[in-house]
Amino acid sequence: MMIELKNVTKEFKVGTHDKITALKNVNIHIKKGEVVLLKGPSGSGKSTILSLIAALNKPTSGEVIVDGKRVSKMADNFTSLFRREHIGFIFQKFNLIPTLSAKENVIVPLIPSNPDQEKLNNRLRELFGQFSIKSKMNVIVKNLSGGEQQRVAIARALINNPRIIIADEPTANLDEKLSLEFIKIMRNLKNSNSSIVIASHDPLFFNLDFIDRQIDIHNGAII
Ligand SMILES: Nc1ncnc2c1ncn2[C@@H]1O[C@H](COP(=O)(O)OP(=O)(O)O)[C@@H](O)[C@H]1O
Ligand SMILES: [Mg+2]
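Since the model is a prediction, treat every value here as computed from it, not as a measurement.

*Asks:* How do you make sense of empty space enclosed by the protein when you look at a structure like this?
*Replies:* Gaps left between atoms show up when a probe the size of a water molecule is rolled over them. Within the structure shown, the criterion is met by 1 cavity of 30 Å³ or more. Looking at the largest cavity, the residues that line it are I90, F91, F94, Q150, I154, P170, L174 and F182. For the lining of the largest cavity, the residue count by class is 7 nonpolar, 1 polar and no charged.

Right, dumping it as C-alpha cells:
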C-alpha cells in the first residue's frame, strides 16, 4: 500500500471549549499507481484527509502510513523533507510566485535540496516539453495565460517525480476548457506509476475512465 489511513479521527479545537470532528474513524487504502477521487460536499473532510496524507497535520487518533512511513508519528522537523521527497501538490489557486519566471517557480521546491544542475535541467526540459510550454521557461509567470500558469503549477508538483500526487479542488478556479485540459494531463500521469488523489466535487471528475476508485465522504465519514 502506498497510502493507509487506519481508523483516523481528526478533531479541531474551536475556541477554548468546542471542537469540530472533521473526520471520524476513516479507513482508506490506496495502492501504488492507483488514481482515487475523493468526493463529497464542501466541509465533508476532503482537504483534511489530504493534509494528513501530506503530514501537514496529525490525526487526533488512528494512524496514517505513507510509503511505509508512519507520518502520523513523524517529528515535525522531518515532515518538510518527507513532503519534498514524496508529495507533489496541485493547489486550487496555482500558488505560483507571480514575479518569478516559469522555470524559477518550478524549481522552488528543490532549492533546499541543492540538486545536481545537469539532472535538474534535463528534468525541466522534459516537463516543459511534456506540457508544451518549453518556449515559456523564462517568461515571468504573471505574463502567462491561465492555461500556461496551470501547466507551470503542475510541472512544479511533478519536478521531484513524486510517488504521490495530491490535487485539492484542482478545477475550482478553472473554466471548462482548462478543467478538461487538467483532466487530460491527469490521464497521462496515470502511466507514471504515482498514486494520485484528487479531492473534488466537480462533476467533470465523476466516472472518468482513468479514475480507479471514487471514495464518497460525508460529514467526516466514508459512505
Ligand atoms: N484548521 C481548522 N480549524 C477548525 N476547523 C477546521 C479546520 N480545518 C477544517 N476544519 C473543519 O473541518 C471540516 C472539514 O473541512 P475540510 O476538510 O476542509 O472539508 P472539505 O475539504 O471537504 O471542504 C469542516 O467543518 C471545517 O470547517
Ligand atoms: Mg477542501
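*Asks:* Looking at this structure, how should I read the nonpolar core?
*Replies:* Nonpolar side chains tend toward joint burial in soluble globular proteins. I90, F131, V152, F182, M186 and F205 are the most contacted members of the largest nonpolar core, which totals 39 residues. Those elements giving two or more residues to this core turn out to be strand 3 (35–39), helix 3 (102–107), helix 4 (117–130), helix 5 (146–158), strand 7 (164–168), helix 6 (176–189) and strand 8 (195–199). Counting 29 residues, the second largest nonpolar core, distinct from the first, contains M2, V36, F89 and I164.

*Asks:* Would you explain the layout of surface pockets in this entry?
*Replies:* Estimated volume of the largest pocket: approximately 280 Å³. Residue lining of the largest pocket: 14 residues in total, with R83, R84, I87, F89 and P109 positioned closest to the centre. Within the residue set of the lining of the largest pocket, elements represented by two or more residues are helix 2 (76–86), strand 6 (87–90) and helix 5. Here the residues of the lining of the largest pocket sort into 7 nonpolar, 4 polar and 3 charged. What the second largest pocket holds in volume is close to 200 Å³.

*Asks:* Where do I start with a nonpolar patch on the surface in this structure?
*Replies:* Side chains of F12, V14 and I20 sit close together on the surface and give an oily, nonpolar patch of about 240 Å² of accessible area. Among the residues examined, I20 registers a relative accessible area of 48% and is labelled partly exposed.

*Asks:* Honestly, the sheet that holds strand 4 (residues 61–66) in this entry has me stumped. Any pointers?
*Replies:* Across a sheet, paired strands are connected by hydrogen bonds in the backbone, their directions being either parallel or antiparallel. Taken in spatial order, the 4 strands make up an open sheet running 2-1-4-5, and their pairing is antiparallel. At either margin of the open sheet sits one strand with a lone partner, and together these are strand 2 (18–30) and strand 5 (69–70). Summarising the sheet, strand 4 and strand 5 pair through 2 bridges and their orientation is antiparallel. Bridge pairing in strand 5 places V66 opposite K69. Across the sheet, helix 1 (residues 46–53) lies against strand 1 (3–14), strand 2 and strand 4, angled at about 115 degrees from strand 1, the strand it touches most.

*Asks:* In this structure, what is going on with helix 5? I would like to understand it.
*Replies:* Side chains that are three or four residues apart share a direction in an α-helix, a result of its 3.6 residues per turn. In a regular helix each residue adds 1.5 Å, so 13 residues correspond to 18 Å; helix 5 covers 19 Å between its end C-alpha atoms and thus fits that length. Of all 13 residues making up helix 5, 12 are buried, and the element is well covered by its neighbours. Residues G147, E148, Q149, Q150, R151, V152, A153, I154, A155, R156, A157 and L158 constitute the buried set of helix 5. For helix 5, the secondary structure elements touched by its buried residues are strand 6, helix 3, helix 4, strand 7 and helix 6.

Calculation criteria
- Residues numbered from 1 in each chain as written.
- Chains lettered and ligands numbered in written order.
- Predicted model: local features only at pLDDT ≥ 70, side-chain atom pairs only at ≥ 80, totals over all residues.
- Heavy atoms only, no water.
- 1 Å grid on protein atoms, 1.4 Å probe; cavity = no way out; pocket = protein on both sides within 12 Å on 5 of 7 lines; lining within 4 Å.
- Points joined across faces, edges and corners; volume = space filled by probe spheres on them.
- Nonpolar A, V, L, I, M, F, W, Y, C, P; charged D, E, K, R; others polar.
- Core = buried A, V, L, I, M, F, W, Y, C linked by side-chain atoms within 4.5 Å.
- Buried < 20%, exposed > 50% of the residue type's maximum accessible area, 1.4 Å probe, protein only.
- Helix = DSSP H or I, 4+ residues; strand = E, 2+ residues; numbered from the N terminus.
- Patch = residues over 30% accessible without salt bridge, like charges linked within 9 Å, V, L, I, M, F, W, Y side chains within 5 Å.
- Areas by Shrake-Rupley, 256 points an atom, 1.4 Å probe, with all protein chains shown as cover.
- Salt bridge = Lys/Arg side-chain N within 4 Å of Asp/Glu carboxyl O.
- Pairing = 2+ DSSP bridges.
- Contact = heavy atoms within 4.5 Å.
- Axes fitted to C-alpha atoms, helices over the stretch in contact; angles between N-to-C directions.
- Expected span 1.5 Å × (residues − 1).

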